[in-house]
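# Observations on chain architecture
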Amino acid sequence: MDKKLFSSYRTFEKLGEDRIANIYYCLHFLRSASIVFDIGTAINVDIFDGKSYMGGYIISGFDMERRALQKDTSLIRIKEKRNFILKSFSPGVSTEECINKGIAISKISFIESCIKEVKRNIKRRFLAVVLTGGGCSKLKNLRCFDITDRDVTLKGLAAALLSKKIREKHVE
């Protein structure tokens, strides 16, 4: 199945390959309006309205934000805690717990705000909310995601490459 990706992004040629692959995943596998949250060093958010790439957001990831707090504040010294998973919204009772909970709650609030805004603007009956990336395990317990798959980017890349081969075959 050959599908063409349209975009309203101003400089599509500058869009990262990982983000393009995530949108190809939506185009080829979901075939519906989608918002992809790719959790890694940064958190990339990409929006697909079912036909076109609409743009997105990029913010710092969990570990980047933790390192920034440690680097740019004189009194905060915490151990790296890569596997922190928020289990409750109760206030932290140590500096380390306050930081980890604060970062997690800020990311969750960001995600919920993105979903709400996209639903308001796209006005489709269904919006697939996708969680992917190396850090997706930190958020996998949230109920707002329809799909949690660490390998969305790889699957989207495979779909894009297959689509290119199909187009090249039609030209021959």
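Attention in this report is confined to the structure presented alongside it. Worth saying up front: this structure is predicted, and the values here are computed from it rather than measured.

### Brief notes about the overall build of the protein
- Within the protein one finds four helices and six strands.
- When its helices and strands are written in sequence order, the protein yields β-α-β-β-β-α-α-β-β-α.
- Considering the protein as a whole, with its 172 residues, one finds that 41% of them fall into the buried category.
- Taking the intrachain contacts of the protein between residues at least 6 apart in sequence as the baseline, contacts between residues at least 24 apart amount to 51%.

### Observations regarding the packing of aromatic side chains
- Taken as a whole and assessed by the stated rule, the structure comprises three aromatic pairs.
- Ring plane angle 40° and centroid distance 5.2 Å describe the contact between Tyr25 and Phe29, whose orientation is recorded as tilted. Of this pair, Tyr25 and Phe29 both sit in helix 1 (residues 17–30), four residues apart, which is roughly one turn of that helix.
- A residue is classified by how much of its surface remains accessible, and Tyr25, at 7% relative accessible area, is buried.

### Focus: the packing of helix 2 (residues 62–72) against helix 3 (residues 95–122)
- Orientation of helix 2 relative to helix 3, taken along the N-to-C sense of each, is 135°, at an axis distance of 10 Å. When the interaxial angle is binned, helix 2 and helix 3 end up oblique. Note that helix 2 runs across helix 3; the crossing there is right-handed. Contact residues: helix 2 offers Phe62, Glu65, Arg66 and Leu69, while helix 3 offers Ile99, Asn100, Ile103, Ala104, Ser106 and Lys107.
- Within the contact of helix 2 with helix 3, the residues separate by chemical class into five nonpolar, two polar and three charged.

### Things to note about unusual backbone geometry
- Phi at Arg31 takes a positive value of approximately 55°, unusual for a residue other than glycine.
- Structurally, Arg31 can be placed in the loop between helix 1 and strand 2 (34–39).

### Looking at the pairing of strand 3 (residues 42–48)
- For strand 3, a buried count of six out of seven residues is recorded, marking the element as mostly surrounded by other parts of the structure.
- Linking strand 2 to strand 3, which pair antiparallel, is a turn of two residues.
- Judged from the seven bridges that link them, strand 3 and strand 4 (residues 52–60) form a sheet pairing that is antiparallel. Paired with Asn44 across the bridge in strand 4 is Ile58.

### A short note on the nonpolar core
- Counting 24 residues, the largest nonpolar core has Ile35, Phe37 and Leu139 as the members making the most contacts within it.
- Elements with a contribution of two residues or more to this core: strand 2, strand 3, helix 3 and strand 5 (128–132).
- The biggest single contributor to this core is helix 3, with 10 residues.
- Those residues within four positions of Phe37 in sequence are excluded, and the remaining contacts are Asn44, Val45, Ile111, Cys114, Ile115, Val129, Val130, Leu131, Thr132 and Phe145.
- In terms of nonpolar packing, the next biggest core, distinct from the first, is built from 13 residues, Ile23, Phe48, Val130 and Ala160 among them.

Thresholds applied
- Each chain has its residues counted from 1, following the order in which its sequence is written.
- The predicted nature of this model means local features are confined to residues of pLDDT at least 70 and side-chain atom pairs, given and counted, to a pLDDT of 80 or more, with totals for whole chains, interfaces and linings taken over all residues.
- Based on all heavy atoms of the structure, the side-chain values leave hydrogens and waters out of the count.
- Per the convention used, a helix needs a DSSP run of H or I reaching at least four residues, while a strand needs a run of E reaching at least two, with both numbered from the N terminus.
- The cut-offs for exposure are 20% and 50% of the maximum accessible area for each residue type, with area from a 1.4 Å probe on protein chains only; residues under the lower value are buried, those over the upper are exposed, and the others partly exposed.
- In this analysis, two residues are considered to be in contact whenever any of their non-hydrogen atoms come within 4.5 Å of each other.
- Only Phe, Tyr and Trp rings take part, Trp by its six-membered ring, and two of them pair if their centres are within 6.5 Å. Stacked means planes under 30 degrees apart, edge-to-face means over 60, and tilted covers everything else.
- What counts as an axis is a line fitted to C-alpha atoms, over the stretch in contact for a helix, and the angles between N-to-C directions run from 0 to 180 degrees.
- Under this scheme an angle from 65 to 115 degrees is roughly perpendicular, one under 35 degrees roughly parallel, and one over 145 degrees roughly antiparallel; angles in between are oblique.
- We call a crossing left-handed when the near helix sits turned anticlockwise from the far one by less than a right angle, and right-handed when that turn is clockwise.
- Three categories are distinguished: nonpolar for Ala, Val, Leu, Ile, Met, Phe, Trp, Tyr, Cys and Pro, charged for Asp, Glu, Lys and Arg, and polar for the others, with Gly belonging to the last.
- Two strands make a pair as long as DSSP finds a minimum of two bridges between them.
- Nonpolar cores are built from buried Ala, Val, Leu, Ile, Met, Phe, Trp, Tyr and Cys residues. Side-chain atoms within 4.5 Å join them into one set.

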